[in-house]
Amino acid sequence: MNEFYEICSTAVCNNNANFKPDYTGQNPHGSKSQCGILLNDWIGTIGGGTQFVELNYFNNLHTGVVGIGSILTVKRSCFKNIYYDNFYNEPYRGTAITNVKGNSANTTKLTVLPEVWNYNTVDSSYRGIYTDGSDLTTSFIHIKNVTQGIYGTQTSFLQTSMVSNCTITTTGTGIFWVNNPQAKAMMATGNNIAVNCPVATGLYKRVSRGAIYVGETTLFKPVVYSISNNNITLNNAFYGIMSNATLNSKIKENMIRINQSSGSSDVTGIELNSNVNANVSCNTVKGDYAGGVAGITHGIYTMQSAQSYIGCNTTDSTFRGIFFGGSCLKTNIRGNELNNHFNGLYLNNQAIIGQQPHRGNAWYGPFGSFGAVNMNVFGVSGSKFYVDSMLSSVYFPAVNISGWFWKSSGNTYYCRQQPIPCNNSTPILLQLDSIDKMIAKGTLEFEDYAEENKAIAEEYLYRTLSEDSAMWQADSAYVSFMAENMNEPVAYLYDAEAYLKAAYQFDSVFVNLIESCKLQINQLVDSINSIDEWHKLNPDAAADSVMHLWNDRVNNLTQTINNLEQTRQAMVTNNITHAELKNNIVISGKIPELNTAFLNKMEIGFKESDGNLQYIRDNSAELLSIAQQCPYSGGNAVIRARVWLSMINDSIDYDDNAVCLQSGVYRLANKDTSQNIKPNEIKIIPNPANNKVTVELTGIEEGLCKIQIRNTLNEIVYDDVFDCKKQKYTVNVSDLRQGVYSISVNAVGKKSIINKLIIAR
């Protein structure tokens, strides 16, 4: 680190459109100043003093304060009209306060201290705070009228970022945290966030319009996202809190208000997508549903997430109270109150949540339709509710399918009787026909996408059993399941992810040493920031000499951290190599397996590129082809792909309702599971394909057939005609990227026939 300073005098940074004439050899510049203050490898404070007049003002700039590889504190500073100039291309452009990792191994940390009353820290700007490779601590600041409040990625090793008691008003996202695998925790607590978007139309969704977004690129990263006691208001936004592909996230005691009466978008209060072991408890989500369809709003929305605890929440006046989609195995849903919905609880026709014995959920209503709906009529046994017959009708909602709710004696769970109702709780499953056993025996049934859903469920069970050998070795059904899958894609993918998981983990000795160094650095930085007070107490001491001594100590501790990480890097490299070997074995399989293999490849390549965003851009087409699939057929990799893309573009539309409907997820299933070709159908051989595919027709025997291949964006990538009498047509697909496509064949007087094509290499 270089010298440390405290800038505490009154200062004004204001762009002047009438720059002095450029001198010979001057670097090119845009119409705005690139930044107000730029700090490299620096320790110190921007702003200070004790009087209101002692403030720094930053106005009409491309960026405000930019720290690179610095330990930076910002206080008593105002930023206004910080909007990016397209001449510059930094990822943090348009940000009031920035701190990013530099080329050195220096510790990076940003602290934004409480402001004086009666002013906003950031106002009328593109973004408030941006961190990359730096942890963040901020509280009691105001970020008003921005497109994005706070963005954070790649938080420092074993550090915690904390945003607390802040006020944020935004037209985009309030807090956006993505890809922080090395962090200990990312915490947002006690904040007031209002998302004020233009009126939204259509049923698509994007991550750029919500209060708090957290996402990881794979399910095993150990960082914990904790979101609690926030007060969120949504005005034509898409979500209050969205958690994508995270492990052990905690979403507790938040208040979310949805004002969506003028929009028609699919809006969620709390949304879990492909999470594992999330805790959503003691939240209140209130909408403006009044008996019609004023926006398809959901209180709590859970999709493809395992081992979720959803307890003691209150949903009120949303179109649906609690929604489940896809394989949500071992969910524990208990003690929730559902008030004034069209449907209180809704399971789509892919949903399995596990058995729910005596959970104490209450359906107060009123309901425009059934209090509880289960569209998975074949898999209803995997989501049974057991309710004490002595309870009132509040615990027995009107349901669409008999046999879903069963009366039986037992001890009912009540939130009010629990000393700590918002804690995690392990699901209690009945043992006679548990979900795990049903997967192992192949008796778990879904409506459509039988093969895809089977692959998703088997991936979950294989991971569960592999991590608990005693469990599967004691049961013959599990022994058979493991033996059958040992040399299958599900096993190779698990092994690859196990090695990747090991690459992100830290042993206890490393953790203790790093935390000791970080603690000492924090203490020294506090001393540096208080040098004036120290000098008043020690007037005869040489303050500059003491400052240099503290600086040297910070440098030594930083170098120690760097040395520890270099030692660990050898282990990381070894795990990455083994992960790549296992992942490369998967060259064929079901759609979710092929998608997962590609996302694992992304994880390996991104880590080898040292987190270079260009690697994501270079693979964005393949990522998009997965991200825009229906999650119920594409698996958890669909959500993971969306997290990858959110790091370079948070404004991509995802219309799951339309994509899944087009693919058949929501239609009533055909009980005939025969794979025989039916009249007026096409067969694709091979599928998945590599370079060539042959299309075989049935039911069309004359005239000209028009054949088209479309990608997931519905763009035509192949178009031709052939003689229908030939019944077969071969297509060269060697120029098409890996991914999922649709093939359509149309003949005069015949209905267009569509089938899926997977290209895997």
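None of these values were measured; they are calculated from a predicted model.

Draft legend 1. Geometry of the pattern of salt bridges. Here the structure, examined in full by the defined rule, presents ten salt bridges. Between Asp135 and Lys109 there is a salt bridge, with the nearest N and O atoms lying 3.1 Å from each other. With Asp135 in strand E12 (residues 135-139) and Lys109 in strand E10 (residues 109-112), the pair connects residues that are 26 residues apart, well separated along the chain. Its relative accessible area of 17% is what places Lys109 among the buried residues. A salt bridge links Asp656 to Arg642, with the shortest nitrogen-to-oxygen separation between them at 2.6 Å.

Draft legend 2. Just the packing of helix H9 (residues 591-608) against helix H11 (residues 620-627), in detail. One way to put it is that H9 packs onto H11 with a least axis distance of 11 Å and a crossing angle of 145 degrees. The crossing of H9 and H11 is left-handed. For the pair H9 and H11, the contacting residues are Asn595, Phe598, Leu599 and Met602 in the first and Glu622, Leu623 and Ile626 in the second. The residue makeup of the contact of H9 with H11, split by class, is five nonpolar, one polar and one charged.

Draft legend 3. Just empty space enclosed by the protein, in detail. Tallying each qualifying case throughout the model produces seven cavities of 30 Å³ or more. The calculated volume of the second largest cavity comes to roughly 130 Å³. Lining the second largest cavity are 14 residues, and of these Gln304, Ala306, Ser327, Tyr460 and Asn636 lie nearest its centre. With four residues, the top contributor of residues to the lining of the second largest cavity is helix H2 (residues 450-466). In terms of residue class, the lining of the second largest cavity is made up of six nonpolar, six polar and two charged.

Draft legend 4. Representation of the environment of Gln738. Within the secondary structure, Gln738 sits in the loop between strand E43 (728-732) and strand E44 (739-747). Given the relative accessible area of 25%, Gln738 is considered partly exposed. As a C-alpha pair, Gln738 and Ala621 span 117 residues in sequence and 9.4 Å in three-dimensional space.

Draft legend 5. Up close: the environment of Phe598. Here Phe598 shows up in helix H9. Overall, Phe598 belongs to the buried group, its relative accessible area being 9%. Setting aside residues up to four positions removed in sequence, Phe598 forms contacts with Asn619, Glu622, Leu623, Ile626 and Gln738.

Draft legend 6. The arrangement of the state of the cysteines in detail. On inspection of all chains with the given rule, the structure shows three disulfides. With a sulfur-sulfur separation of 1.9 Å, Cys282 is cross-linked through a disulfide to Cys422. As the torsion about the S-S bond is roughly -115 degrees, the Cys282-Cys422 disulfide counts as left-handed. On the criterion of sequence distance, the pair formed by Cys282 in the loop between strand E25 (279-281) and strand E26 (284-286) and Cys422 in the loop between strand E38 (405-407) and helix H1 (435-441) is long-range, its members being 140 residues apart. Disulfide pairing places Cys705 opposite Cys724 at an S-S distance of 2.1 Å. Here the S-S torsion is close to 120 degrees, and the disulfide linking Cys705 with Cys724 is therefore right-handed. Of this pair, Cys705 sits in strand E41 (residues 704-710) while Cys724 sits in the loop between strand E42 (716-723) and E43; the two residues are 19 residues apart in sequence, bridging distant segments of the chain. Note on Cys724: relative accessible area 0%, which makes it buried.

Draft legend 7. Summary view of the side chain of Asn244. Mapping Asn244 onto the fold places it in strand E21 (residues 239-244). A distance of 2.9 Å separates the side chain of Asn244 from the side chain of Asn273, its partner in a polar contact. The residues contacting Asn244, other than those within four sequence positions of it, are Tyr213, Val214, Gly215, Glu216, Asn273, Asn275, Ile639 and Val643.

Draft legend 8. Representation of H11 within the structure. Within H11, six of the eight residues are buried, leaving the element largely enclosed by the surrounding structure. Along H11, the residues that are buried comprise Glu622, Leu623, Leu624, Ser625, Ile626 and Ala627. Contacts made by the buried residues of H11 are with H9, helix H10 (613-618), helix H13 (636-646) and E44.

Draft legend 9. A look at the sheet that holds strand E37 (residues 385-387). The strand order E34-E37-E38 describes an open sheet built from three strands, whose pairing is parallel. Since the sheet does not close on itself, it has two edges, and those belong to strand E34 (356-357) and E38, each with one partner. The pairing of E37 with E38 spans three bridges and is classified as parallel. Paired with Val387 across the two strands is Lys407, which belongs to E38.

Scoring rules and cut-offs
Residues numbered from 1 in each chain as written. Predicted model: local features only at pLDDT ≥ 70, side-chain atom pairs only at ≥ 80, totals over all residues. Heavy atoms only, no water. Salt bridge = Lys/Arg side-chain N within 4 Å of Asp/Glu carboxyl O. Helix = DSSP H or I, 4+ residues; strand = E, 2+ residues; numbered from the N terminus. Buried < 20%, exposed > 50% of the residue type's maximum accessible area, 1.4 Å probe, protein only. Axes fitted to C-alpha atoms, helices over the stretch in contact; angles between N-to-C directions. Left-handed = near helix turned anticlockwise from the far one by under 90°. Contact = heavy atoms within 4.5 Å. Nonpolar A, V, L, I, M, F, W, Y, C, P; charged D, E, K, R; others polar. 1 Å grid on protein atoms, 1.4 Å probe; cavity = no way out; pocket = protein on both sides within 12 Å on 5 of 7 lines; lining within 4 Å. Points joined across faces, edges and corners; volume = space filled by probe spheres on them. Disulfide = S-S within 2.5 Å. Polar contact = N/O pair within 3.5 Å; in protein donor to acceptor, adjacent residues only side chain to side chain. Pairing = 2+ DSSP bridges.

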